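Summary of structural features
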Amino acid sequence: MKPAWHPESLAARLPFLRRRALLAQATRAFFEARGYAEVETPYAVPAPGEEVHLRALATVRENRDGSRTKLWLHTSPELAMKRLLVAGAGPVFQLARVWRNGEASPLHAPEFTMLEWYRPGAGLASLMDETEAYLRAVLPPAVTCRGITTDLACFERLTVADAFGRFAGVDVLGTAGDAAALARDAGAGLRAGESWEDLFFRLLLERVEPRIGRDRPTFLTHWPASQAALARRDPSDGRVAERFELFLCGIELTNAFAELTDAAEQRCRFEADRARRHALTGEEDWPMDEDFLAALGHGMPQAAGIALGFDRLAMIASGADRIGQVLWLPEEDTG
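Keep in mind that this is a model prediction, so the values were computed, not measured.

With that settled, consider the packing of helix α2 (residues 78-87) against helix α8 (residues 290-299). When two helices pack together, you describe them by how their axes are tilted relative to each other and by the distance separating the axes. As a packed pair, α2 and α8 sit with axes 9 Å apart at the nearest point and diverge in direction by 30°. As summarised for this structure, α2 and α8 are arranged roughly parallel, according to the angle between their axes. Two packed elements cross with a definite hand, and for α2 against α8 that hand is left-handed. Every residue of α8 that contacts α2 at L79, K82, R83 and V86 is listed here: D291, F292, A295, H298 and G299. Taken together, the residues that form the contact of α2 with α8 break down as 4 nonpolar, 2 polar and 3 charged.

This part is about the sheet that holds strand β4 (residues 68-73). Pairing is antiparallel in the open sheet, where 3 strands are placed in the order β2-β4-β3. The sheet terminates laterally at β2 (44-45) and β3 (57-62), the two strands that pair on one side only. Note that β2 and β4 share 2 bridges and pair antiparallel. If you follow V45 over to β4, its bridge partner there is W72.

For the pair helix α5 (residues 179-186) and helix α6 (residues 196-208), interaxial distance at closest approach is 8 Å and the crossing angle is 25°. Classified by the angle their axes make, α5 and α6 are roughly parallel. When you trace α5 past α6, the crossing you get is left-handed. Counted together, A179, L182, A183 and A186 of α5 and W196, L199, F200, L203 and R207 of α6 form the full contact between these two elements. Counted by class, the contact of α5 with α6 contains 8 nonpolar, no polar and 1 charged residues.

For the structure on display, the rule yields 1 cavity of 30 Å³ or more. Taken as a whole, the largest cavity encloses approximately 40 Å³ of empty space. P48, G49, E50, E51, L54, A56, T75 and W286 together form the lining of the largest cavity.

Next up on the list: the nonpolar core. Grouped together as the largest cluster of nonpolar side chains are 51 residues, with contacts concentrated most on L115, W117, Y134, L135, L139, L313 and I316. Setting aside chain neighbours within four positions, we find L115 in contact with T27, F31, F93, Q94, L95, Y134, I306, A307, L308 and F310. Ranked by size, the runner-up nonpolar core spans 25 residues in total, among them V160, A163, A183 and F247.

Rules of the game
Residues numbered from 1 in each chain as written. Predicted model: local features only at pLDDT ≥ 70, side-chain atom pairs only at ≥ 80, totals over all residues. Heavy atoms only, no water. Axes fitted to C-alpha atoms, helices over the stretch in contact; angles between N-to-C directions. Helix = DSSP H or I, 4+ residues; strand = E, 2+ residues; numbered from the N terminus. Parallel < 35°, antiparallel > 145°, perpendicular 65-115°, else oblique. Left-handed = near helix turned anticlockwise from the far one by under 90°. Contact = heavy atoms within 4.5 Å. Nonpolar A, V, L, I, M, F, W, Y, C, P; charged D, E, K, R; others polar. Pairing = 2+ DSSP bridges. 1 Å grid on protein atoms, 1.4 Å probe; cavity = no way out; pocket = protein on both sides within 12 Å on 5 of 7 lines; lining within 4 Å. Points joined across faces, edges and corners; volume = space filled by probe spheres on them. Core = buried A, V, L, I, M, F, W, Y, C linked by side-chain atoms within 4.5 Å. Buried < 20%, exposed > 50% of the residue type's maximum accessible area, 1.4 Å probe, protein only.

Geometric descriptors of this kind do not, in isolation, establish any biological role.
Structure (structure tokens):
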């Protein structure tokens with residue numbers, strides 16, 4: 001295999017890269033027409049977030065007085081963009097470079113581009129409407145990627161509970177927290193040390209995800225409250241959080257929330273996530289993001305926000321099979 005800098009390698013990627021460039025132009029035009037401001041936030045931050053299963057890359061800043069400050073390359077611009085909502089920036093979007101250590105595959109790169117946007121006053125349903133409008137604006141009516149063709153004429157909205165009932169034959173909410181009950185109802189052997197959350201994701205990967213987002217795009221909505229992350233709980237059903245993921249051409253493309261704005265609840269979640277992350281990895285950690293919690297405490301407007309893997313969208317738009325085909329200088333293990 002020739003290196004990424006070889007003229008023949010670049011020539012093979014150029015058709016995909018040209019389509020990516022058009023996609024970026026169309027993306028900016030879409031959001032600017034809707035009154036969004038494009039923003040840029042710092043990439044090296046004191047705290048990269050509290051996601052349990054994401055690993056961050058560390059760096060060090062040398063200060064003018066000779067001291068050194070440890071920083072982390074962010075895994076998402078989410079916390080910074082929410083600070084801007086608190087400040088009154090209004091609807092904002094960003095095409096940000098992000099880093100996730102240890103992720104490399106035909107669908108993953110350790111450094112990639114994330115499209116994120118946040119709209120004050122929006123809810124989960126209106127964010128799904130806007131996501132549909134965006135994808136129809138930047139993609140053709142039907143797309144083919146990795147051998148799967150998806151028609152964008154009609155988007156499916158499916159709750160996690162309905163998806164698990166349909167494809168795994170289980171009441172995922174009724175068994176919440178009880179790994180043995182979930183395994184029994186699913187007819188799945190419970191592995192040694194496997195928690196309810198572990199089994200939930202195993203069933204999601206093995207039985208649910210292969211059945212959705214193929215003929216038509218699928219919003220997988222209303223996740224169990226334990227998987228809320230930074231989403232608020234559904235006021236009408238506290239067992240679930242107002243969160244969705246979107247699957248297109250069989251690829252997970254987005255993660256979105258009706259945002260949690262309660263600083264006290266967010267602190268509790270951060271502390272629980274930190275404890276889980278320490279138990280799983282035992283790796284070096286960063287300080288709690290007190291500045292973000294202070295911003296929430298000051299008052300963040302009700303809002304909805306979404307993170308979309310822009311490189312994956314470029315794959316879908318161009319028909320690429322591997323993420324490396326839509327990167328100007330891909331690493332070898334991204335394809």
